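# An overview of the molecular structure
Listed below, chain by chain, are the residues.
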Amino acid sequence: MEIKELVKRQRIYFLSGATLSYAARMDALERIRLALDKYEKKLCDALYQDLHKSASESRMAEIGMTRAELNYCMKHLAGWMRREHVKTSLANFHAKSFTIAEPYGVTLVMAPWNYPVMLCLEPLINAVAAGNCVILKPSAYAPHVSTVLAEMLGSCFSPEYVTVVEGGRAENNELLEQRFDHIFFTGSTAVGKVVLEKAARYVTPVTLELGGKSPCIVDRTANIKRAARRIVFGKVLNSGQTCVAPDYLIVHPAVKEALFEAMKQELVAMLGEKPLESKEYPRMVNEKHYERVMGLIKGEQAVVGGYGNPDTLQIAPTILDDVTLDSPVMQEEIFGPVLPTLTFETREELLEIIRHFEKPLACYLFTTDKTMESWLLAHVSFGGGCINDTIVHLATSEMGFGGVGGSGMGSYHGRVGFETFSHRKSVIKKYNWIDLPMRYHPYTEWKDEIIRRVMR
């Protein structure tokens, strides 16, 4: 089916009202739940083929998190769909005021390749829970996952309701020429700008989940052993191909050497002396990205790692020392298992480094100093983050996940995701037994006096 015709058919289906009821939405979510159970092994196999992800990492960081989001939405959907009553001002006496969450309509979800299951299905779940029709566009860089998702969702939905469009740049361009009621995009800042520009023609609301250089700060009071373990976890997960991975270290000189030593020990404990021989260590998604990341570390001082295997497209976890803000590795989001290191002595120096870049998607601080924690939260703008950990702030449906400034706009997960794919309609219901005359012509002195008092 042509993309233009597909969008047309989804709009007809949405306008029929078939997706609106609580029963219809729960039925759709239940279909996803059953399909996820049925296709779990196929998805794990596809993730291994596309990214060399182990089954354990796939279940933990992709399928398990998707299932948790699905269960949360099914549990709370009825409450989210209820009218929300608010206070009515005296000027609107006598009336009731409330808001209703209504679905946008036909929505487009464009997903990236690095977490091709989770970043396809989680926004899909939020969109369906909100009562929308969805066209899902997986990344062509993860072709095996894309094929399985198309089969999986095709087995439980008609294309008028939910469908997958496979393909590459041509299909992306064709989709962005269509009129949608909401577009949800996860990917690079460069492509995000194109999405925003295309959406502007139709004044289509857009959610952009982008990236950036997310700092990881270790001050002199940090628990070094714990910090090392959690930083290494955040950087080797998916071989660093995570939008919220710590992109660079900013460490106090007093603890830098101790941190390096602890991180080396944690890398050996997790991946062995020869990490590229680990059966559980993912690879770069393709040769282009392998060469790009290897180019970023060329000529830099590697404390550990610094090498790769072009045959398997794997890059050893790498820690770089003595980098500067002018180093090539600091000019773009790394999106690989490479961690350059800068140092800071004062909070002013720290702030200067962080503000050198666009507002990051994530920020991580390792400290036991509560004043440092409070200072950072007050002075540094970022999408979300952790104190004394990395990555895990996105693993909850209780809080929204999203960027700010150059790292994106809007957020999702749980109720926030439901609201992202909904328009909140405001309504005042007036009663007929009284009709205050002050607002009607002619305006007399006594009316003016009452208006002045009521609306002070």
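Residues numbered from 1 in each chain as written. Predicted model: local features only at pLDDT ≥ 70, side-chain atom pairs only at ≥ 80, totals over all residues. Heavy atoms only, no water.

From N to C terminus, the chain includes 15 helices and 20 strands. A compact globule built from 456 residues would reach a C-alpha radius of gyration of about 23 Å, and the chain, at 25 Å, matches this within 12%. Here the chain holds 456 residues, and 52% of them are scored as buried. Here the analysis covers contacts within the chain between residues at least 6 apart in sequence; of these, 73% occur between residues at least 24 apart. Averaging the positions of the 53 positive and the 54 negative side-chain charges in the chain gives two centres separated by 8 Å. (Helix = DSSP H or I, 4+ residues; strand = E, 2+ residues; numbered from the N terminus. Rg over C-alpha atoms; globule rule 2.2 N^0.38 Å. Buried < 20%, exposed > 50% of the residue type's maximum accessible area, 1.4 Å probe, protein only. Contact = heavy atoms within 4.5 Å. Lys, Arg positive; Asp, Glu negative; His and termini not counted. Charge placed at Lys NZ, Arg CZ, Asp CG, Glu CD.)

Residues of strand 8 (residues 215–218) alternate between two faces, with Pro 215 and Ile 217 on one and Cys 216 and Val 218 on the opposite face, all of them buried. The sheet contact formed by strand 8 and strand 9 (residues 248–251) spans four bridges and is parallel. For Pro 215, the partnering residue across the bridge sits in strand 9 and is Tyr 248. What joins strand 8 to strand 9 is helix 9 (residues 224–236), and the crossover it makes is right-handed. The pairing of strand 8 with strand 15 (residues 362–366) spans three bridges and is classified as parallel. Bridge pairing links Cys 216 to Tyr 364 in strand 15. (Pairing = 2+ DSSP bridges. Right-handed = clockwise from strand over helix to strand, strands pointing away.)

On to the sheet that holds strand 4 (residues 133–137), then. Judged by pairing direction, the sheet is mixed, and its six strands sit side by side in the order 5-4-3-6-7-18 without closing on themselves. In this open sheet, the two edge strands, each paired with only one partner strand, are strand 5 (162–164) and strand 18 (408–409). Here three bridges tie strand 4 to strand 5, and the two strands are oriented parallel to one another. Considered in strand 5, the bridge of Ile 135 is made with Thr 163.

Now for a nonpolar patch on the surface. Residues Leu 90, Phe 93, Trp 433, Val 454 and Met 455 make up a contiguous nonpolar surface patch of roughly 550 Å² in combined accessible area. Along the chain, Trp 433 turns up in the loop between strand 20 (422–430) and helix 15 (445–454). (Patch = residues over 30% accessible without salt bridge, like charges linked within 9 Å, V, L, I, M, F, W, Y side chains within 5 Å. Areas by Shrake-Rupley, 256 points an atom, 1.4 Å probe, with all protein chains shown as cover. Salt bridge = Lys/Arg side-chain N within 4 Å of Asp/Glu carboxyl O.)

Let us look at the pairing of strand 9. On strand 9, burial covers both faces: Tyr 248 and Ile 250 on one face and Leu 249 and Val 251 on the other are all buried. Here strand 9 runs beside strand 14 (residues 338–343); their pairing, made up of three bridges, is parallel. Residue pairing for strand 14: Ile 250 is matched across the bridge by Leu 342.

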